[in-house]
Amino acid sequence: WCKQGWTDLARSTLENGQEHIIDYQGSGSIGQPLDVQFKFNRVRFSRGNHLLIQGIDLSEIHAAQWLIAEGKLWYQKLFDESPDAYFITAHESAQVIECNAAALTLLRARPEQVIGTTPSAWVPEFQPDGRRSQELVAKHIRAVLEIGQSRFEILIRRLDGSEVWLDIFATSTSRSGELVLLVN
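This is a predicted model, so every value here is computed, not measured.

About the cut-offs
- Residues numbered from 1 in each chain as written.
- Predicted model: local features only at pLDDT ≥ 70, side-chain atom pairs only at ≥ 80, totals over all residues.
- Heavy atoms only, no water.
- Phe/Tyr/Trp six-rings, centres within 6.5 Å; stacked < 30°, edge-to-face > 60°.
- Helix = DSSP H or I, 4+ residues; strand = E, 2+ residues; numbered from the N terminus.
- Buried < 20%, exposed > 50% of the residue type's maximum accessible area, 1.4 Å probe, protein only.
- Pairing = 2+ DSSP bridges.
- Axes fitted to C-alpha atoms, helices over the stretch in contact; angles between N-to-C directions.

### Details of the packing of aromatic side chains
Counted by the stated rule, this structure contains 3 aromatic pairs. Relative to tyrosine 86, the ring of phenylalanine 79 has its centre 6.0 Å away and its plane inclined at 40 degrees; by these criteria the two rings are tilted. Plain terms: the ring middles of phenylalanine 87 and tryptophan 122 are 5.0 Å apart, the flat faces sit at 35 degrees to each other, and that makes the pair tilted. Placement of the pair is phenylalanine 87 in strand E4 (residues 87-90) and tryptophan 122 in the loop between helix H4 (111-114) and helix H5 (133-147), with a sequence separation of 35 residues. One exposure class covers both phenylalanine 87 and tryptophan 122, and it is buried.

### Regarding the sheet that holds strand E2 (residues 33-45)
If you walk across this open sheet you meet the 3 strands as E1-E2-E3, and the pairing is antiparallel. Two strands close off the open sheet at either side, each with one partner strand: strand E1 (20-27) and strand E3 (48-57). The sheet shows a mean angle of 25 degrees between the axes of neighbouring strands, direction not considered. Taken together, the 10 bridges between E2 and E3 define a ladder with antiparallel strand orientation. The partner of phenylalanine 45 across the bridge, within E3, is glycine 48.

Set out below in structure tokens:
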């Protein structure tokens, strides 16, 4: 921005009272990087109109936003590339919201065969000890919701019909304000 631009903006603000916001990125007087937002407002006092200019240093805000975005990418990468199978399920319906590649490999499935389904799609009606699989799963989901976590073993049936024993560890967590279960 040039001096004339600032002068014109100040004059316009004083004349019509409209707030103006300018984002400035450049160098300061000693060469330091600047990332500042300026707000121009007209303020009325008994002696007339005055110009109020507020400068907000956005450097730390933008740096924090960048770190948050990087952190989210890092955690997503850990989830996606983990050699352990992970499922994120909805709290109420237990429907799979997301799973990683290892989970798809475990089930021998494609994403569209897993996302939106519930774990009941992958278990036989009865476990080898005679218990109903649905009752076992429901019992441990209740435990997760009551104490925050649960660990159990269960026999599942992959989509190709083969069966495998799993040691399940499930925890409750929040994702975008929604209660979900993280199962691995």
